[in-house]
Amino acid sequence: MRQKVIAANWKMNMTPSKAEDIMKQLKSKIEKSHAEVVICVPSIDIVPVVSVVKDSNIHIGAENMHYEENGAYTGELSAEMLTDAGVSHVILGHSERREYFMESDMMINKKVRKALQYHITPIICCGETLKQRDAGETFDLIKYQITSAFVNVSATQAIKCIIAYEPIWAIGSGKVATAEQAQEVCLKIRSCISELYNEQVAYLIRIIYGGSVNAANAAELFTQPDIDGGLVGGASLKPEFEEIVNYK
Ligand code: PGA
């Protein structure tokens, strides 16, 4: 059985002192979840939140990472820095990074490989715009994004990755995909992984849904056969995150 994973994506919110306070309040409420809980935070919040959760089973993730080992990349963070700071997961290829920071599928693949080299679990994002969905391009696009992200990633490494299906039209819009829509694409992603690797890898890899997840829709989405949890943006900053993490 695949363990569910629920990841928060704080995006560019929370100063370090606020982040520390919130984590202190949140910790006891989310640490008993049956799911693997990952809180992805802005880089500057990593050190304070890691120190708050260090004796719990809560994981801390980063929201981005550079693919080079080290060197003259002003403003960037390496995989080595993240692991050393206590980070276990990293969101890669989020649509906001693809759109505002020109991240290409090739860059995302390099980041995936670098993260795996440092035993950081990549949370690889993919998803279509409304225009692409309306044009019937969703499956082809997702297949392209997934195939590109997994170039030169071995089957053993692929099993360790998490894929987040995040339709762009559902992110931050309050327009959640229906459970059927989300399940349909997550199943497609699983068959794409089966084609790239084999059925065993497809069975084991975790595929989560993101885009306007909240306390009211989480359970229905997360109990779909091919949806192994969620990536939660806006609602992860609200008290309802506790309910999402402990959904029944
Ligand atoms: P949202 O964001 O939950 O606010 O829609 C999800 C995400 O961008 O990861």
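From a predicted model like this one, the values you see are computed outputs, not experimental measurements.

Rules and cut-offs
- Residues numbered from 1 in each chain as written.
- Predicted model: local features only at pLDDT ≥ 70, side-chain atom pairs only at ≥ 80, totals over all residues.
- Heavy atoms only, no water.
- Helix = DSSP H or I, 4+ residues; strand = E, 2+ residues; numbered from the N terminus.
- Rg over C-alpha atoms; globule rule 2.2 N^0.38 Å.
- Buried < 20%, exposed > 50% of the residue type's maximum accessible area, 1.4 Å probe, protein only.
- Near = heavy atom within 4 Å.
- Polar contact = N/O pair within 3.5 Å; in protein donor to acceptor, adjacent residues only side chain to side chain.
- Pairing = 2+ DSSP bridges.
- Axes fitted to C-alpha atoms, helices over the stretch in contact; angles between N-to-C directions.
- Contact = heavy atoms within 4.5 Å.

For the rest of this paragraph, the subject is the overall build of the chain. Counting its regular elements, the chain contains 12 helices and 8 strands. In summary, the chain has a C-alpha radius of gyration of 17 Å against a globular reference of 18 Å for 248 residues, a match within 12%. When the backbone C-alpha atoms are referred to their principal axes, the chain occupies close to 45 × 45 × 35 Å. For the chain, with 248 residues in total, the buried portion stands at 54%.

On to the site of the ligand. Around the ligand there are 13 residues in total, and Lys11, His94, Glu166, Gly172 and Ser212 lie nearest to it. At a separation of 2.7 Å, an oxygen atom of the ligand approaches a polar side-chain atom of Glu166.

With that settled, consider the sheet that holds strand 2 (residues 36-41). Strand order in this closed barrel of 8 strands is 1-2-3-4-5-6-7-8, and the pairing throughout is parallel. Taken over all neighbouring pairs, the strand axes of this sheet differ in orientation by 25° on average, direction set aside. Sheet topology places strand 2 next to strand 3 (residues 59-62); 4 bridges connect them, and they run parallel. From the neighbouring strand, Cys40 faces strand 3, where its bridge partner is Gly61. Packed onto the sheet, helix 9 (residues 179-196) meets strand 5 (121-126), strand 6 (162-165) and strand 7 (206-210) and runs at close to 145° relative to strand 6.

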